[in-house]
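# Architecture and fold: a report
Chain residues, written in single-letter form:
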Amino acid sequence: MSDELAKQTVLIVDDEPINIKVLGQALADSYRVKTAINGSKALNIVQSAQPPDLVLLDIQMPELDGYEVLLAMKQSDLTKNIPVIFITGKDAAEDEAKGLELGAMDYIPKPFNIPVVKARVRNQLALKQKAELLEKLVSIDGLTEIPNRRNYDEKLQSEWRRCNRSRAPLSIIMIDIDSFKPYNDNYGHSQGDVALKKVASVIKSKGKRSGDLIARYGGEEFVVLLPETDLPSAVEIAETMRQAVEELKIPHEYNPASDHITISLGVWSVIPDLDTSPLTLQKQADDLLYKAKQQGRNQVSYTL
Ligand SMILES: Nc1nc2c(ncn2[C@@H]2O[C@H](COP(=O)(O)OP(=O)(O)OP(=O)(O)O)[C@@H](O)[C@H]2O)c(=O)[nH]1
């Protein structure tokens, strides 16, 4: 990655071009700087595909003021965690309190003291990086680097409600690596870890929609959550995953189902009902996974 791309982006929002210029010059060495001269332009930038890492936001602007921009940012999951530092000529304590209550992270008074501006920006960006790292650590599985069980549990609850509202089917695939104990016993645990990573990566590559979640459920088990996907489509995806793992051709002499590592899969689909727990969906897929194992492994099991 080039240095320019690795740099964090700061958006400066002020209706006074001179303020944008002074702040831009102060920050340009260390950050990529974007600018907006009013609130609606600022919102367009924060809601774009490449949002800034931090916003320096003037409070007093015609039409949409800084408070309103911050409020709009807080209402969307996509923008609510972007830190905002208010910049303002107002120095009354009540304005400062209002900004902080709305969720601003810090406050910079005009006229600017450039070393203070730089230090505050640096502090907030460091905090943001730490928060992102923490978020990653609690939601991503350390070995396979795909979402972990906690991440999946949360998504299952929210997708259950969302698909209930839209009356759309929600499908789930439970996956288990076949005869993984003899694999570990004969090839060693660290070789087992390598195989787990490869399987996770190839399964993940087959969940193509942005809403699909492929997670490590625990041990050698994976789970795939497919919102707005009916049973035939989910079975097709499961079969693609089964084939892709087989095609990895990871030798496994001790697998009664094949000479290679294979997986068994259980697929279930339902239009969620709020009177039923989402765990029933999982239980059904688990039972079908068990059936796939019973019937000889390396296969997809489902009921029409
Ligand atoms: N290397 C490695 N092995 C793991 C990990 N997590 C779980 N396992 C192993 O996965 C194996 C799972 O074995 P079992 O549940 O007995 O099932 P199996 O041998 O896969 O047999 P079937 O599921 O019936 O095909 C155990 O030996 C676990 O130690 C891990 O993170 N790394």
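Residues numbered from 1 in each chain as written. Predicted model: local features only at pLDDT ≥ 70, side-chain atom pairs only at ≥ 80, totals over all residues.

As recorded by an unreviewed UniProt entry, the protein carries the name diguanylate cyclase and is attributed to Catenovulum maritimum. The record held by UniProt for the protein lists under Cofactor (unreviewed entry) the comment "Mg(2+)". Looking at the Catalytic activity (unreviewed entry) heading of the UniProt record, one finds this comment for the protein: "2 GTP = 3',3'-c-di-GMP + 2 diphosphate". (UniProt positions renumbered as here; feature names shortened; annotations may be inferred.)

### Details of the overall build of the protein
Check the secondary structure of the protein and you find 11 helices and 10 strands. If one aligns the C-alpha atoms of the protein with their principal axes, the spans along those axes are about 75 × 45 × 25 Å. Relative to all contacts within the protein whose residues are 6 or more apart in sequence, the contacts with residues 24 or more apart total 64%. (Helix = DSSP H or I, 4+ residues; strand = E, 2+ residues; numbered from the N terminus. Contact = placed C-beta atoms within 7 Å.)

### Looking at helix α4 (residues 66–74)
Among all positions of α4, only Gly66, Val69, Leu70 and Met73 are buried. All buried residues of α4 fall inside an arc of 95 degrees around its axis, so they share one side. Against β1 (9–13), α3 (39–46), β3 (54–58), β4 (84–88) and α5 (93–102) lie the buried residues of α4. (Buried ≥ 20, exposed ≤ 12 C-beta atoms within 10 Å, placed from the backbone. Arc of directions from axis to C-beta.)

### What about the site of the ligand?
Taken together, the neighbourhood of the ligand is formed by 16 residues, with Phe180, Lys181, Gly192, Gly219 and Glu220 sitting nearest. Counting residues per element, the ones that place at least two in the shell around the ligand are β6 (170–177), α8 (180–187) and α9 (189–204). Looking at the shell around the ligand element by element, the count peaks at four residues for α9. A class-by-class count of the residues in the shell around the ligand yields four nonpolar, five polar and seven charged. (Near = placed C-beta within 6 Å. Nonpolar A, V, L, I, M, F, W, Y, C, P; charged D, E, K, R; others polar.)

### Focus: unusual backbone geometry
The amide bond that connects Lys110 to the next residue, Pro111, takes the cis arrangement and shows omega of -5 degrees. By secondary structure assignment, the location of Pro111 is in the loop between β5 (106–109) and α6 (114–139). Its identity as a non-glycine residue notwithstanding, Glu63 has a phi of 60 degrees, on the positive side. Its location among the elements puts Glu63 in the loop between β3 and α4.

### Here we look at the UniProt feature "domain: GGDEF" (unreviewed entry) in the protein
Mapped onto this structure's residue numbering, the UniProt feature "domain: GGDEF" (unreviewed entry) falls at residues 168–304. Between the C-alpha atoms that bound residues 168–304 the distance is 17 Å, and the span itself is 43% helix and 23% strand.

### A few points about the packing of helix α2 (residues 17–27) against α6
α6 packs onto α2 with a crossing angle of 65 degrees between their chain directions and a minimal axis gap of 10 Å. Handedness of the α2/α6 crossing: right-handed. Residues Leu23, Ala26 and Leu27 of α2 form the contact with α6, whose participating residues are Ile114, Val117, Lys118 and Val121. Taken together, the residues that form the contact of α2 with α6 break down as six nonpolar, no polar and one charged. (Axes fitted to C-alpha atoms, helices over the stretch in contact; angles between N-to-C directions. Left-handed = near helix turned anticlockwise from the far one by under 90°.)

### Thoughts on the sheet that holds strand β2 (residues 32–36)
Pairing in this open sheet of five strands is parallel, and the strands run β2-β1-β3-β4-β5 from one edge to the other. Across the chains shown, the open sheet's two edge strands, defined by having one partner strand only, are β2 and β5. Recorded for the sheet is a direction-independent mean angle of 20 degrees between the axes of neighbouring strands. As paired elements, β3 and β4 share four bridges and run parallel to each other. From the neighbouring strand, Val55 faces β4, where its bridge partner is Val84. The strands that α4 touches are β1, β3 and β4; relative to β3, the one it contacts most, it runs at about 150 degrees. (Pairing = 2+ DSSP bridges.)

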